[in-house]
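Listed below, chain by chain, are the residues.
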Amino acid sequence: SRHYAVFGHPVSHSLSPRIHAAFGKQAGIAIEYSAIDVEPSGFDAALQDFAARGGAGANVTLPLKEAAYALCSDTTERARRAGAVNTLIRNGDAWHGDNTDGVGLVRDLTERQGLDLRARRTLLLGAGGAARGVAPALLDAGIGDLFIVNRTPARADALADMLGQPGRVHVRYLDDLRNLGEFDLVLNATTAARDGGSFPTLPRSLLGRRSAAVSLSYGEAAIPFLAWARAQGAHESIDGLGMLVEQAAESFARWHGTRPDTDRIYGELRAESA
Ligand code: ATR
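Residues numbered from 1 in each chain as written. Predicted model: local features only at pLDDT ≥ 70, side-chain atom pairs only at ≥ 80, totals over all residues.

Under an unreviewed UniProt entry, the name given to the protein is Shikimate dehydrogenase (NADP(+)), and the organism recorded is Pseudoluteimonas lycopersici. The protein has a UniProt comment under Subunit (unreviewed entry) that states "Homodimer." Quoted verbatim from the Pathway (unreviewed entry) heading of the UniProt record, the comment on the protein is "Metabolic intermediate biosynthesis; chorismate biosynthesis; chorismate from D-erythrose 4-phosphate and phosphoenolpyruvate: step 4/7." (UniProt positions renumbered as here; feature names shortened; annotations may be inferred.)

Rendered as structure tokens:
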């Protein structure tokens, strides 16, 4: 069997090994998929070691997605637009990089959650690797104006520049949030809660009764933002579990040439997280 892994820091709680094992079983493909914890400074060496041991593909999670992008010899267009890679494919002596986060998110929101994203006035909180991964796919899915707000404004500017749609993509300061009115879609792509920091206080004017709130994280890390959204009466509050399963399916398809059905493993994980 060929070797696959997810690299991250921390990564021990990653659900990816379990998801890929379920996909492999479903497809009748023997897969070895492990979780490898590595800090950014050791990522390059760890990946070389993995390749030397027969590593054929890898997922990359926090905080390594931008580093993964930098070390690929070639990348897909969607990875270039994100400046971040979550899927590595061994190609001879080199790594080919892709990013399946954006399509994973859009597939979950549109197909599983039944949201129509078209023309939705959208607020993206955060401008790190996760935000970069999903922003291009959201634009492609037909959302309306996209407002990007980040604690460090320069990173929001860089993301907006990368997206290259100045008529549609707008950067605002955190302090401006109270003046931006209501959004149809508010996505939290920050790691504020996960880092143990306090979540920035968000004005209630952001969400109305038709709004959807989406967290790109799942489990404990998703709770503060989604609890806030529910308290404001948001129509939907959606965590990142579905996105996780869908991006995994897309990565699996890149490696194995067949797209697994995601409903079953999603249902199992959802039942356990409830
Ligand atoms: P990821 O790949 O998950 O996006 P990242 O690249 O480290 O991880 O980005 C983390 C994001 O969460 C960034 O947008 C970060 O803001 P900065 O660019 O200002 O660092 C944001 N973030 C992390 N902790 C935060 C906090 N306590 N308050 C607000 N934003 C926070």
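Back to the text.
1. Here we look at the nonpolar core
Ranked by size, the top nonpolar core spans 83 residues in total, and within it Leu124, Val134, Ile148 and Val245 carry the most contacts. Broken down by element, the residue count for this core peaks at eight residues, all from helix H9 (residues 241-256). (Core = buried A, V, L, I, M, F, W, Y, C linked by C-beta atoms within 7 Å. Buried ≥ 20, exposed ≤ 12 C-beta atoms within 10 Å, placed from the backbone. Helix = DSSP H or I, 4+ residues; strand = E, 2+ residues; numbered from the N terminus.)

2. Topic: the UniProt feature "domain: SDH C-terminal" (unreviewed entry) in the protein
UniProt's entry tags residues 240-269 with the feature "domain: SDH C-terminal" (unreviewed entry), counted in the numbering of this structure. Within residues 240-269, the helical portion is 77% and the strand portion 0%, while the C-alpha atoms at the span's ends are 12 Å from each other.

3. Thoughts on helix H2 (residues 43-52)
When H2 is considered as a whole, its buried residues turn out to be Phe43, Leu47 and Phe50. On an axial view of H2, the arc spanned by its buried residues comes to 60 degrees, and they lie on one face. Structural note: H2 exposes Ala45 and Ala52 on the side pointing more than 90 degrees away from its buried face. For H2, the elements touching its buried residues are strand S1 (2-8), strand S2 (31-37), strand S3 (55-60) and helix H3 (65-71). Positive backbone phi, at 95 degrees, marks Gly54, one or two positions downstream of H2. (Arc of directions from axis to C-beta. Contact = placed C-beta atoms within 7 Å.)

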